[in-house]
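Letter by letter, the chains look like this.
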Amino acid sequence: MSGDPVLEVRGVHKAFGAREVLHGIDLDVAAGEIVAVLGPSGCGKTTLLRLIAGFERLDAGSIAVNGIEVAGSQHCVPPERRQVGVVPQEGALFPHLDVARNIGYGLHKGPEATARVHEMLELVGLAGRGEQRPNELSGGQQQRVALARALAPRPSLVLLDEPFSSLDAAMRAQVRDEVFDVLRTAGATAILVTHDQQEALSVADRVAVMLDGRIAQFGDPDVLYERPTSLEVARFVGDAVLLPGTLTGDAATCSLGELALRGDHPPSGPVVLVVRPEQFELHGHPTATDIAGLVVGRSFFGHDGTVRVALDDGTMIVCRTHAGRLPQRGERVGVRVGSPVLAFPATP
Amino acid sequence: MKRDRPPLALIVPAAAASLVAVVPIWYLVDRSLDRGVDEVRDELWRRRTLDLVLNSVGLSAAVTALCVIIGVAAAWLVVRSNLAGRRFLHVAFALPLAVPSYLAAFAWISWRPQVAGFSGAVLVLTLVSYPYVMLPVAAALSRLDPGQEDVARSLGHSRLQVLLRLTLPQLRTSIAAGALLVALYVLSDFGAVAAMRYEAFTWVIYGAYRAGFNPSRAAILASVLVLLALVLVIAESSARGRAAARVGSGSPRVGTPVELGRATPLAYLFSAAVLLPAVVFPMWRIITWVTESVTADVQFSDVRDALWNTVKLAALAAAATIVLAFPVGVLAARSRGALGRVFERSTYVAHALPGIVVAISLVFVGVRLLRPIYLELPLLVLGYVVLFLPLAVGAVRNSVEQAPPRLEEVARSLGNGPMAVLRRITAPLALPGIGAGAAMVFLTTMKELPVTLVLRPTGTETLATRLWRHTSVSDYADAGPYALALVLFAAIPAALLAKATR
Amino acid sequence: MITRTTRLVAIAAAALSVVAAACSDDNDSSSSSPGSITVYSGRSEELVKPLLDQFSAETGITIEFRAGDSGELAAQLITEGDASPADVFFSQDAGALGALQKAGMLSTLPDELLSPVPGAYRSADGEWVGTSGRVRVLVINPDLVANPPTTVDELLDPQWKGRIGFAPSNASWQSFVTGLRVLRGDDGAREWLEGFAANDPVAYEKNGAVRDAVNSGEVAIGLVNHYYLYEKIAADGAANVRAVNQFLAPGDAGGLVNVAGVGVLKSSGNRTAALALVEFLLSETAQRYFAEKTFEYPLVAGVALPDGLPTLDELDPPAIDLSDLDTLAETQELLADVGLLTR
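Quick summary incoming for the structure in this document. (Residues numbered from 1 in each chain as written. Chains lettered and ligands numbered in written order. Predicted model: local features only at pLDDT ≥ 70, side-chain atom pairs only at ≥ 80, totals over all residues. Heavy atoms only, no water.)

### Observations concerning the overall build of chain B
- Within chain B, the regular secondary structure consists of 23 helices and zero strands.
- What you see for chain B is a C-alpha radius of gyration of 23 Å, in line with the 23 Å of a compact globule of 502 residues.
- On the principal axes, the C-alpha backbone points of chain B span a range of 65 × 60 × 50 Å.
- In chain B, buried positions account for 60% of the 502 residues.
- A sequence separation of at least 24 residues applies to 83% of the contacts in chain B between residues at least 6 apart.
- Summed over its atoms, the accessible surface of chain B is roughly 19000 Å², and 65% of this surface lies on carbon and sulfur atoms.
- Charge centroids of chain B, computed over 46 positive and 28 negative side chains, lie 9 Å from each other. (Helix = DSSP H or I, 4+ residues; strand = E, 2+ residues; numbered from the N terminus. Rg over C-alpha atoms; globule rule 2.2 N^0.38 Å. Buried < 20%, exposed > 50% of the residue type's maximum accessible area, 1.4 Å probe, protein only. Contact = heavy atoms within 4.5 Å. Areas by Shrake-Rupley, 256 points an atom, 1.4 Å probe, with all protein chains shown as cover. Lys, Arg positive; Asp, Glu negative; His and termini not counted. Charge placed at Lys NZ, Arg CZ, Asp CG, Glu CD.)

### Considerations on the overall build of chain C
- The helix and strand tally for chain C stands at twelve helices and ten strands.
- Sorting the 343 residues of chain C into buried and exposed places 57% on the buried side.
- Here the analysis covers contacts within chain C between residues at least 6 apart in sequence; of these, 75% occur between residues at least 24 apart.

### Regarding the sheet that holds strand β14 (residues 269–275) of chain A
All names here are of chain A.
- Here five strands make up an open sheet; going across it, the order is β13-β12-β11-β14-β20 and the pairing antiparallel. The sheet is open, and its two edges are formed by β13 (257–260) and β20 (342–345), each paired on a single side. Recorded for the sheet is a direction-independent mean angle of 40° between the axes of neighbouring strands.
- Examined bridge by bridge, strand β12 (residues 251–254) and β13 share four bridges and lie antiparallel to one another. Paired with T253 across the strands is E258, a residue of β13. (Pairing = 2+ DSSP bridges. Axes fitted to C-alpha atoms, helices over the stretch in contact; angles between N-to-C directions.)

### Topic: helix α1 (residues 8–21) of chain B
All names here are of chain B.
- A rise of 1.5 Å per residue sets the reference length of α1, with its 14 residues, at 20 Å; its end C-alpha atoms lie 19 Å apart and thus fit the reference within 8%.
- Buried within α1 are the following residues: L10, I11, A14, A17, S18, V20 and A21.
- Residues of α1 that are buried sit in contact with α2 (23–32), α15 (300–334), α16 (338–346), α18 (377–402) and α20 (418–447). (Expected span 1.5 Å × (residues − 1).)

### Regarding the packing of α15 of chain B against α18 of chain B
Residues and elements named next belong to chain B.
- Contact pair α15 / α18: the axes reach a minimum separation of 5 Å and the direction vectors enclose 40°. When the axis of α15 is compared with that of α18, the two are oblique. For the pair α15 and α18, the crossing hand works out as right-handed. (Parallel < 35°, antiparallel > 145°, perpendicular 65-115°, else oblique. Left-handed = near helix turned anticlockwise from the far one by under 90°.)

### Thoughts on helix α5 (residues 169–185) of chain A
Residues and elements named next belong to chain A.
- When the terminal C-alpha atoms of α5 are compared, their 25 Å separation across 17 residues agrees well with the 24 Å that a helix rising 1.5 Å per residue should span.
- Along its buried surface, α5 packs onto β3 (34–38), α3 (111–123), α4 (139–151), β7 (157–161), β8 (190–194) and α6 (197–203).
- Positive phi shows up at G187, right after α5, with a value of about 65°.

### Brief notes about the pattern of salt bridges
- Applying the stated criterion across every chain yields a total of 39 salt bridges over all chains.
- Across the pair K45 of chain A and E162 of chain A runs a salt bridge, and its minimum N-O distance is 3.6 Å. Within this pair, whereas K45 of chain A is found in helix α1 (residues 45–53), its partner E162 of chain A is found in the loop between β7 and α5, the two being separated by 117 residues in sequence.
- Judged by relative accessible area, K45 of chain A falls into the buried class, the value being 4%.
- Here E344 of chain B makes a salt bridge to R397 of chain B, at a shortest N to O gap of 2.3 Å. One end of the pair, E344 of chain B, is in helix α16; the other, R397 of chain B, is in helix α18, and 53 residues separate them in sequence. (Salt bridge = Lys/Arg side-chain N within 4 Å of Asp/Glu carboxyl O.)

### Digging into the environment of V117 of chain A
Residue and element names in this part refer to chain A.
- Structurally, the position occupied by V117 is in helix α3.
- For V117, a relative accessible area of 9% corresponds to the buried category.
- Placed 14 residues apart in sequence, V117 and I103 show a C-alpha to C-alpha distance of 6.1 Å.
- Setting aside chain neighbours within four positions, we find V117 in contact with A100, I103, G104 and L107.

### What about the nonpolar core?
- Counting 286 residues, the largest nonpolar core has I205 of chain B together with F89 and W173 of chain C as the members making the most contacts within it.
- In terms of residue count, the dominant contributor to this core is α15 of chain B (16 residues).
- Residues V145, A150, L167 and V175 of chain A belong to the second largest nonpolar core, which totals 43 residues. (Core = buried A, V, L, I, M, F, W, Y, C linked by side-chain atoms within 4.5 Å.)

### A few points about the packing of aromatic side chains
- In total, this model carries 26 aromatic pairs over all chains according to the counting rule given.
- Ring centres of W108 of chain B and W111 of chain B lie 6.1 Å apart, and the angle between their planes is 70°; on these two criteria the pair is classed as edge-to-face.
- Its guanidinium or amino end placed over the ring of Y225 of chain A, R276 of chain A lies 4.2 Å from that ring's centre, counting from NZ or CZ.
- Between the NZ or CZ atom of R112 of chain B and the centre of the ring of W111 of chain B, over which it lies, the distance is 4.3 Å. (Phe/Tyr/Trp six-rings, centres within 6.5 Å; stacked < 30°, edge-to-face > 60°. Lys NZ or Arg CZ within 6 Å of the ring centre and 35° of its normal.)

### Points about the interface of chain B and chain C
- Tallying the contact residues gives 55 residues for chain B and 51 residues for chain C.
- Taken together, both faces of the contact between chain B and chain C bury some 4600 Å²; the carbon and sulfur share is 61%.
- Where chain B meets chain C, there are two salt bridges.
- Here chain B is connected to chain C by ten residue pairs in polar contact (both at pLDDT 80 or more). (Buried area = accessible area lost by both parts, 1.4 Å probe. Polar contact = N/O pair within 3.5 Å; in protein donor to acceptor, adjacent residues only side chain to side chain.)

### Some details on the pairing of strand β5 (residues 68–71) of chain A
Residue and element names in this part refer to chain A.
- Pairing between strand β4 (residues 60–65) and β5: three bridges, direction antiparallel. In the sheet register, I63 faces β5, and the bridge partner there is A71.
- Here β4 folds back onto β5 in antiparallel fashion, the turn holding two residues, of which N66 has a positive phi close to 55°.

### Considerations on a nonpolar patch on the surface
- There is a patch of nonpolar side chains on the surface, built from L488, F489, I492 and L496 of chain B and spanning about 370 Å² of accessible area.
- Looking at the element boundaries, I492 of chain B is found in helix α23 (residues 476–500). (Patch = residues over 30% accessible without salt bridge, like charges linked within 9 Å, V, L, I, M, F, W, Y side chains within 5 Å.)

### A short note on the pairing of strand β18 (residues 316–322) of chain A
All names here are of chain A.
- Note that strand β17 (residues 304–311) and β18 share seven bridges and pair antiparallel. Directly across from R308, in β18, lies its bridge partner V318.
- The hairpin turn running from β17 into β18, its antiparallel successor, is four residues long, and G314 in that turn takes a positive phi close to 100°.

### Observations concerning unusual backbone geometry
- In this model, N66 of chain A sits at a positive phi of 55°, which is unusual for a non-glycine residue.
- In this fold, N66 of chain A is placed in the loop between β4 and β5.

### Considerations on the sheet that holds β4 of chain A
Residues and elements named next belong to chain A.
- Read from one edge of the open sheet, four strands run β2-β1-β4-β5, paired in antiparallel fashion. Each end of this open sheet is capped by a strand with a single partner; those strands are β2 (19–30) and β5. Each adjacent strand pair in this sheet contributes to an overall mean axis angle of 25°, direction not counted.
- Taken together, the five bridges between strand β1 (residues 5–16) and β4 define a ladder with antiparallel strand orientation. Residue pairing for β4: L7 is matched across the bridge by V65.

Put into structure tokens, the structure is as follows:
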């Protein structure tokens, strides 16, 4: 973590009617940092973002921006005085204003504003398009204008709410890279709300995994992947094959035999083992003592691929392997786990 | 649970508008209790009162049902079908708005006295008020995502099923809003039912003034209409349901027009069956009066002065009504609290009152509180505001609801306070709808008679008062030029309304 | 897009400024200024304006003229109370004046104004005075009616079934029925009305239409006021009019005389000018104007009647206190009951 915290969220609760959607959220974001809030739809991540922006009032807890409390159980600074920029889904550009006026919306009129609008147009690669109407732009361009509009008044923090979800897959990666290049160039502090774990892991400095209105884990992307602190996080971040097993000392037994463990693990007893698809090693012509199964499905991605194998005891696993070594459907393969796996207590 | 309270800068003017709208209620309560509670009971507890209420409710139900059928069918034809000339028809279907109900009724009854009665009243009121349903429905239809219809067809639904199960439910809000206006209008109408000699409830109210010289009795009876209005307003908001917001923000595509094929002659037949009696017939009658008046003594300058006064008053009424309706409409569209609903509904409660009651209630308030402007222009304009506020509130609410709230949030996050957002985002986005509301008020003011007659500054003549002046002494020929000017010039805002909903 | 927002603001600002401007002008025209009175008139401007112009020319008193329905103007006056800007109420019928009198809003007129008008056509307490009279008559088509009826009861004869025209929403017709109730009691009136209804009378929109139907032979007899015939004669020429008036027998309920009349408000700020107008309306000039222009009966003795009209004395109309004609609401109820109100 570098720099002072720009955002401090402490113990935030929020209910809509009888339904509580946030149960005590804590979140810190440091200056210049890009944090992703990752969670499935309905987990409360958009509500959290709206609380930070000031569009909703919290029920308990507090939110501070640059060390100044903007929301507490007793008071609430309106959105216009928080210096928090917002890039909503689909951009939400003002349809009655042209691009330049959209970007300049949050600026006080004057020569500086004109200069700033030009600067922002340059930054998002839309120089000379200031007089166009939002509906004349592509989806990706609209998102860039929305970002420029949010950044123009130099906010302390920019909130991006699923900003790429409406773009088609082919454009999404490109627009995403452009947007985050802009954010990094501007040195902006940002929170990205997304349900796309690949998106979160690839662009954020840190990722907060949000499940059922709580932050399940908050850390660097590789830590989340390598050392998830709960089974739920392990399942949500990255693909995982879950195998029931029994733990004795430092090793666990399951349908794939005895596997080595890594990280903290629970005491002896029934456990759930988490194996990442790339941890499986496949080999042809298994012997009678090898653990083996039949290839029932195969997806080819170019540089690598996955196969689905039905083990002889009926367990179904997904293995990721180099493209050159993808077995054919119907082929019998042996299966080994090549590295230590994660273990979590089995929930009764 | 804490809620964001709307800004005071909205609540205060909305409360003021709401207060203006319920001025007649103050008067009614004061006058009703004038002679004690027993009198109230005696007046209401009569068989004739019940009979006439039932007469009015029956008329209102019949007219509203017919207006919904005609309005929806006409809207669908001009928006969704491939009927040749549908753009022209769209405007033509809105034109009956330019014909005052008393004039239409008069045109019929003076041509064929036999049409008098329930059927005549239904005929005339339906023909002049179906545009209240057609215009909002046409607007809603053109906003619907035609993609939905394609999807539904691909899922194996016939055209009819799509219409019944997909399109109509989404039009529910607009149909309910239009139907409410029609129902209230019919309850309040006196001109048409008087000419048609259909004994509606307004008869006894007017009778109480004209024949009984008993304003207290009129007030007690008029209170019944306020209660009916309340029931209708509540029924409408439950029928309205939640406004179905458009999902996705892509610009609405223009749907592929539905091929009418062999049904085309039927569509033209329908259009003719509506437009001939609603537009062509009254125009023919009026032109007959005008040509007869070659011998009549009508000064061109009188017509011109009356027209100028009419336009001036209509413009003032439209501006003042929109200014007062704007905060109410915005709150109704945006505020989740009860306050917005209360303000909005309060503007409707006086809408079922006949014009004379509103006029006398403004006399009541005028001499007590507004003595300096009594029988001056501002009080008259205030009277129009009371009468027509719901028309403008509905238009503002509807158009603000169309503007995505997310845009306002973004503007807030960019440093604008709620009022700045209202000015820079909400108002410009709602402008076309607000313009339509203004046109509606303008148009309706042009035709207004009872309030104009009672509250106008001494000596001011409008086209409507001139019409009254001549027709009340059965001088059709002299009335002709005024009727013609009224209908022709009211047709302009009517046509603009049709264009605005395209 | 500044233009759009500014345009909106400009529109609102313009609207407000126009309203403000409208508020500030016109406040110099107050009825209390000397030499000016405000007249609320249930009589049409077309009819009385020339007369009032003549009054202004003669006296220098200007008139703020507000026309409306007599009953509605009465309601307005009652609602205005003491604050009323009106000085004079000129009513189409006696009922509205009676209502104002009951509300205690009219001042007593001086005897010298009242005395020229017969007692039947003014308020007993002297708070209003009739200015002109109209008589209910039968208008008949002599081609279709050999022996015209002279009482309303003869109209119930089956020979007239489907041959009588009337205007059910007309105020004078309803006044006649009210008079019938006064003369015969509610039961007696109901009996006549039921008989009338059973004779299938033909309903028309207005008295003028009834007269035209009689003239054209569409129906044989019409129940109207006396002057409708003379209006038509004036418009079309006597040679082109077939219909004639048949006055009813002396004392018959059908021959009711109602009056238009005038009263001065207690709250009048210019009573002298208001009384001057009343005096003028009872002057020979005005009385003759009513007789010639509207073919109404002048009420002041000594003024010549329109040609061919029998005098009110000759007619000997039923003796009804015109102030008793204020129960029209009950009349309408009765008419509704027997099915004649909306026929």
